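Here is how the chains run, residue by residue.
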Amino acid sequence: QVQLVESGGGLVQPGGSLRLSCAASGSAFSIVNMGWYRQAPGKQRELVAGITTAGSRNYAESVKGRSTISRDNTKNTMYLQMNSLKPEDTAVYYCHACAKTVATTRCDYWGQGTQVTVSS
């Protein structure tokens with residue numbers, strides 16, 4: 001029982017910035033990996049950025065140089081700082097996590113999504 005809740009989305013002008021947050025909660029779990037995905041209407045969900053517990057990061061080519069993924073392990077919270085936003089960044093952004101419980105490790109934990117709209 002791991003719950004993920006995103007926040008920080010909204011409407012921003014091109015060139016602006018947003019910081020998305022994802023808070024993980026539950027009991028008897030530890031996060032192995034976390035990541036941000038996004039899905040635009042009519043498109044497949046795609047990985048934006050991922051981060052391991054140790055801090056290793058990876059980014060989609062479309063956001064490299066403009067975005068920074070980070071996490072605060074003491075708060076079980078992950079962040080995505082997005083700068084120089086473009087209209088093509090418009091999508092619903094989802095938090096994803098692989099979590100280890102007492103029984104097993106599962107990678108089917110998703111947040112409800114937060115809308116990011118980049119428009120003038």
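Residues numbered from 1 in each chain as written. Predicted model: local features only at pLDDT ≥ 70, side-chain atom pairs only at ≥ 80, totals over all residues. Heavy atoms only, no water.

(A) Local environment of the overall build of the chain. Regarding its fold elements, the chain presents zero helices and eleven strands. Relative to the 2.2 N^0.38 estimate, which gives 14 Å for 120 residues, the radius of gyration of the chain is 14 Å and therefore close to what a compact globule would have. Its C-alpha atoms give the chain principal-axis dimensions of about 50 × 25 × 20 Å. Split into buried and exposed, the 120 residues of the chain put 41% on the buried side. (Helix = DSSP H or I, 4+ residues; strand = E, 2+ residues; numbered from the N terminus. Rg over C-alpha atoms; globule rule 2.2 N^0.38 Å. Buried < 20%, exposed > 50% of the residue type's maximum accessible area, 1.4 Å probe, protein only.)

(B) Structural context of the nonpolar core. Leu4, Met34, Trp36, Met78, Leu80 and Tyr93 are the most contacted members of the largest nonpolar core, which totals 30 residues. Elements supplying a minimum of two residues to this core: strand S1 (2-7), strand S3 (18-26), strand S4 (29-39), strand S5 (46-52), strand S8 (77-82), strand S9 (91-101) and strand S11 (114-118). The leading source of residues in this core is S9, at five residues. When residues no more than four places from it in sequence are discounted, the contact partners of Met34 are Cys22, Gly50, Ile51, Ile69, Arg71, Met78, Cys95, His96 and Ala97. (Core = buried A, V, L, I, M, F, W, Y, C linked by side-chain atoms within 4.5 Å. Contact = heavy atoms within 4.5 Å.)

(C) Molecular detail of the packing of aromatic side chains. Across all of its chains, the model carries one aromatic pair by this definition. Here Tyr37 and Trp110 contribute two aromatic rings whose centre-to-centre distance is 5.0 Å and whose plane-to-plane angle is 65°, an arrangement assigned as edge-to-face. Residue Tyr37 is found in strand S4, and its partner Trp110 is found in strand S10 (residues 105-110); the two are separated by 73 residues along the sequence. Since its relative accessible area comes to 36%, Trp110 is described here as partly exposed. Taking NZ or CZ as reference, Arg45 lies 3.8 Å from the ring centre of Tyr94, over its face. For Arg45, the ring lying beneath its charged end belongs to Trp110, and the centroid distance is 4.6 Å. (Phe/Tyr/Trp six-rings, centres within 6.5 Å; stacked < 30°, edge-to-face > 60°. Lys NZ or Arg CZ within 6 Å of the ring centre and 35° of its normal.)

(D) Fine view of the layout of surface pockets. Of the volumes computed, that of the largest pocket is approximately 160 Å³. Split into classes, the residues belonging to the lining of the largest pocket amount to two nonpolar, three polar and four charged. (1 Å grid on protein atoms, 1.4 Å probe; cavity = no way out; pocket = protein on both sides within 12 Å on 5 of 7 lines; lining within 4 Å. Points joined across faces, edges and corners; volume = space filled by probe spheres on them. Nonpolar A, V, L, I, M, F, W, Y, C, P; charged D, E, K, R; others polar.)

(E) Structural detail: the pairing of S5. The pairing of S4 with S5 spans six bridges and is classified as antiparallel. The residue of S5 that forms the bridge with Met34 is Ile51. Once S5 ends, the chain turns through four residues before running back antiparallel as strand S6 (residues 57-59), passing Gly55 with a positive phi of about 105°. (Pairing = 2+ DSSP bridges.)

(F) Structural view of the pairing of S11. Of the two faces of S11, the one holding Thr114, Val116 and Val118 is buried and the one holding Gln115 and Thr117 is not buried anywhere. When strand S2 (residues 10-12) meets S11, the two strands line up parallel, connected through three bridges. Paired with Leu11 across the strands is Thr117, a residue of S11. Pairing analysis gives three bridges linking S9 to S11, with the strands arranged antiparallel. Counterpart to Ala91 in the pairing with S11 is Val116.

Interpretation in functional terms is not warranted from these geometric data alone.
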